[in-house]
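Take a look at the letters that make up each chain.
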Amino acid sequence: MLPSCSTMSTRQSVMLLVVLVLSLPGLIHSFKPLFKSNSLTHRDITRIAVLRKTAEVCRDIAASKGLDFNLIIDNNLSAGKVQKACLSRDTSTIKFETAIASMYLSNAAVDQIFLLSAARHFDDETFHRGRDIITEGVSAVKAHAKLENYFRGRLSLGQICHTLQDFYSHSNWVELGNKAPYSALIRPDQPLKNLAGQNTPTCRSCVGENCTNNILPDVLNQRLLTSGYFGIFFSSKPTGKCSHGGSADRTSRKDPVGGINKDTIDSSHGFLHNEAANLAIHATMELLEDVRLAAGNTNFMRLMGLSQSPVLCFVIDTTGSMSDDIDEAKRVSFEIIDRKRGTGQEPSGYILVPFNDPDFGPLVMTSNADVFKGQINSLTAAGGGDAPEMALSGLQLALTAAPPFSEIFLFTDAPAKDTYLKNTIIALIESTKSQVTFMLTGSAVFRRRRRTSQDVAPRAMSRSAVQLYQDLAEASGGQAIQVTKSELSLATSVIVDSSASAVVTVFQASRNPGRPDNFNFTIDGSLQNITAYITGDSPLTFSLTSSTAHFSSGCPGSSTSDADLVDPGRHPSQHAFVFICLAHVCGVSQTSSQSSGPLASFTTTGNLRRLSLNTDNQTGLWQLSVSSNNPYLVKVTGQSSVNFIYNLVEEHEGAHGDFSLKEGRLLSGGNASILVTVTGSETVKVTEVTLLTAQVQQRSKDHCSH
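What counts and what doesn't
Residues numbered from 1 in each chain as written. Predicted model: local features only at pLDDT ≥ 70, side-chain atom pairs only at ≥ 80, totals over all residues. Heavy atoms only, no water. Helix = DSSP H or I, 4+ residues; strand = E, 2+ residues; numbered from the N terminus. Core = buried A, V, L, I, M, F, W, Y, C linked by side-chain atoms within 4.5 Å. Buried < 20%, exposed > 50% of the residue type's maximum accessible area, 1.4 Å probe, protein only. Contact = heavy atoms within 4.5 Å. Phe/Tyr/Trp six-rings, centres within 6.5 Å; stacked < 30°, edge-to-face > 60°. Lys NZ or Arg CZ within 6 Å of the ring centre and 35° of its normal. Axes fitted to C-alpha atoms, helices over the stretch in contact; angles between N-to-C directions. Parallel < 35°, antiparallel > 145°, perpendicular 65-115°, else oblique. Left-handed = near helix turned anticlockwise from the far one by under 90°. Nonpolar A, V, L, I, M, F, W, Y, C, P; charged D, E, K, R; others polar. Disulfide = S-S within 2.5 Å. Pairing = 2+ DSSP bridges. Arc of directions from axis to C-beta.

A.B. asks: Describe the environment of Glu 474, and please don't skip the residues or the numbers.
C.D. replies: For Glu 474, the location among the structural elements is in helix α13 (residues 463-476). Remark: the alpha-carbon pair of Glu 474 and Gln 435, spanning 39 residues in sequence, is separated by 8.9 Å.

A.B. asks: So what about the nonpolar core? Which residues, and what values?
C.D. replies: In terms of nonpolar packing, the biggest core is built from 64 residues, with Leu 157, Phe 167, Tyr 168, Tyr 182, Leu 185, Leu 287 and Met 304 touching the most fellow members. The biggest single contributor to this core is helix α7 (residues 273-295), with ten residues. For Met 304, the residues in contact, after removing those within four places along its chain, are Val 50, Thr 54, Phe 96, Ala 99, Met 103, Arg 154, Leu 157 and Leu 288. Counting residues in hydrophobic clusters, the runner-up holds 32 residues, among them Ile 408, Ala 416, Val 436 and Met 461.

A.B. asks: Can you explain the packing of aromatic side chains? Please cite residues and give values.
C.D. replies: Think of a pair of aromatic rings as described by two things: how far the centres are apart, and how the planes are tilted against each other in angle. Under the criterion given, the structure shown has 17 aromatic pairs. Note on Phe 122 and Phe 127: the rings are 6.1 Å apart at their centroids and 35 degrees apart in plane angle, and the pair reads as tilted. One aromatic cluster is present, formed by Phe 122, Phe 127, Phe 167, Tyr 168, Trp 173 and Tyr 182 through successive ring pairs. The ring centre of Tyr 104 lies 5.5 Å from the NZ or CZ of Arg 43, which sits over that ring. Sitting over the face of the ring of Phe 334, Lys 373 holds its NZ or CZ atom 5.1 Å from the ring centroid.

A.B. asks: If you had to explain the packing of helix α5 (residues 150-170) against α7 to someone new, which residues and values would you point to?
C.D. replies: Axis separation between α5 and α7 bottoms out at 9 Å; the angle between their running directions is 140 degrees. By the angle between their axes, α5 is oblique relative to α7. Crossing hand, α5 versus α7: right-handed. Counted together, Leu 157, Ile 160, Cys 161, Leu 164, Gln 165, Tyr 168 and Ser 169 of α5 and Ala 276, Leu 279, Ala 280, Ala 283, Thr 284, Leu 287 and Leu 288 of α7 form the full contact between these two elements. Of the residues contributing to the contact of α5 with α7, the split by class is eleven nonpolar, three polar and no charged.

A.B. asks: So what's going on with the state of the cysteines? Residues and values would help.
C.D. replies: Applying the stated criterion to the full structure yields three disulfides. Disulfide partner of Cys 203: Cys 242, at an S-S distance of 1.9 Å. Across the disulfide from Cys 203 to Cys 242, rotation about the S-S bond amounts to roughly 90 degrees, and the bridge is consequently right-handed. With Cys 203 in the loop between α5 and α6 (217-221) and Cys 242 in the loop between α6 and α7, the pair connects residues that are 39 residues apart, well separated along the chain. On the accessibility criterion, Cys 203 (7% relative accessible area) is buried. The class for Cys 242 is buried, based on a relative accessible area of 0%.

A.B. asks: Can you explain the pairing of strand β16 (residues 600-605)? Please cite residues and give values.
C.D. replies: Looking at chain direction, β16 and strand β17 (residues 608-613) are connected through six bridges and run antiparallel. In the strand pairing of β17, Thr 603 is matched with Arg 610. Linkage of β16 to β17, two consecutive antiparallel strands, is achieved through a turn of two residues, within which Gly 606 is found at a positive phi near 60 degrees.

A.B. asks: Provide a residue-level description of helix α2 (residues 79-87), including the pertinent values.
C.D. replies: Every buried residue of α2 is accounted for by Ala 79, Gly 80, Val 82, Gln 83 and Cys 86. Projected down its long axis, α2 carries its buried residues within an arc of 165 degrees, all on one side. Contact partners of the buried residues in α2: α1 (42-64), α3 (94-113) and α8 (297-303). Looking one or two residues past α2, Ser 88 carries a phi angle of roughly 60 degrees, positive in sign.

Shown next, in the form of structure tokens:
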């Protein structure tokens with residue numbers, strides 16, 4: 001179980017970083033990966049470089065169009081300021097922040113994945129191998145950008161930036177008096193000059209703790225390039241060579257003792273830390289410029305994550321009975337494309353994965369709307385029968401290709417054949433933080449019927465088949481919408497809703513088995529265009545109450561807990577959830593017998609009820625009361641520039657202990673750390689974070705603070 005109601009320090013910032021519960025030892029020898037109060041970290045260096053280079057590209061684009069660009073480009077930029085200057089509007093920065101985070105977390109992970117690789121850190125005078133890692137990595141980043149695989153490109157970019165940045169901390173480039181980056185490190189056609197020979201002494205022992213003059217004068221006078229040797233397990237190094245330094249480095253205890261690293265201001269050569277970090281920033285910007293020249297401005301900006309709208313991602317069953325569904329997928333996608341083309345809300349990319357039995361794919365991924373139109377227009381419904389389809393294989397392909405925080409829509413009228421992939425799909429959902437919504441048009445009956453090959457009526461899905469889709473939808477924060485084929489065009493309004501920019505999930509909870517319950521949530525002034533969804537089989541009734549008039553702790557008929565699950569960001573399994581402790585809400589009410597009333601207008605399509613809250617008086621406390629004995633899910637969304645992202649991280653002890661990204665799922669019974677980044681506001685104050693598993697839906701008021 002993850003910790004709950006943990007208080008964290010508050011400060012005003014566009015990004016707040018919080019770590020809860022520290023664990024898992026390790027060793028790091030480089031610029032600190034994420035946090036160091038008095039030194040610049042790999043995170044700081046990467047973030048500053050990305051923001052500055054992105055701002056420079058936007059400035060150049062504006063100049064080419066004769067437009068003004070009024071932003072001072074320095075080390076104090078924020079994602080919000082850069083995005084507003086680049087896009088000329090103030091909108092959610094979550095995609096930009098997520099892209100930057102993926103780069104600096106990938107950067108930090110190098111200290112764990114490649115801890116013992118000297119070349120990854122330019123230790124042991126491995127200059128040629130270190131340069132090869134950088135140049136090969138740059139080629140990979142450019143290839144990913146060309147293929148529009150921006151997520152993979154960011155991961156590769158973060159790793160090679162770590163190696164590049166370590167050069168300035170671990171070598172004597174700064175001590176040689178250089179004031180500019182070593183450009184040959186990113187250009188394989190240029191020679192690496194003046195490298196100290198293998199048998200050339202480079203250091204003398206430090207005087208106590210003072211390592212100011214431990215590099216030999218001959219090395220400095222001849223401008224020989226060297227770097228420190230590093231060993232966790234062994235102290236051996238060539239005679240007379242410099243060491244990295246620090247308590248984790250056993251070589252630094254062998255003559256010549258001490259070190260030359262500039263990882264922090266407390267390091268052996270910490271007096272040069274700021275100079276090394278500043279050179280690392282400019283070197284990272286130089287590398288980014290090299291990528292931009294190869295990728296072009298548009299692809300480079302997408303690689304940096306400067307795109308407001310989500311991708312449009314469809315996974316579509318193409319068997320014979322799906323002809324109407326395919327036509328509707330075409331209609332709704334064309335509507336979104338045509339309505340938003342050329343605007344700030346145009347989808348940043350398009351993904352299409354067809355599937356049937358026994359095939360799935362190929363994956364189509366493009367940023368060209370016309371290419372996507374052509375691909376989806378070429379889909380035809382053919383073959384098949386009553387057999388289950390490769391639905392989860394198609395979904396797996398989409399999840400591996402889609403960027404984080406994507407919303408994926410799967411159309412089918414058949415059960416999944418590849419149910420063995422359920423746990424794999426859930427793991428992918430958790431790692432990508434993506435939502436999956438299923439548009440199910442199969443008959444909700446529980447006996448198979450024999451059909452001829454010409455019969456294309458909706459196929460039957462058993463209760464267990466539907467439950468599989470519902471489980472995956474709930475795990476991801478999506479929905480499993482069951483409609484007839486004639487109703488599908490009404491249900492796809494959910495896709496149009498999600499294609500808007502800056503959509504956040506305000507609240508989500510489920511009841512399985514179903515029971516009558518009250519759900520409390522709050523809407524603040526940062527939210528607009530509020531929509532509530534209730535998915536569940538009939539009979540189901542509901543009432544909506546707003547506290548616009550008043551609220552108290554004694555509403556008649558209230559019988560449930562005072563708190564429930566509220567998520568201002570996404571709601572996949574094991575996400576960071578925020579509790580708001582409320583009294584039972586009293587005030588203006590509207591029941592499900594009123595399709596249009598004082599609080600909302602709603603429509604019912606299949607098992608989906610969509611409530612669009614009226615624009616007047618949306619802020620305040622709300623209560624949605626649902627009465628049903630069937631399983632159901634409640635979800636409330638809105639649009640807001642304020643959001644948050646989170647990542648599981650692990651702590652490392654030792655001379656340079658800090659945090660890096662934790663891969664894989666949490667282990668039951670262990671401690672965990674979470675890095676929470678709040679985006680989109682200079683004034684938001686975070687005072688509390690509560691973490692729960694997705695299965696926990698209620699919590700006593702006594703355990704939360706207001």
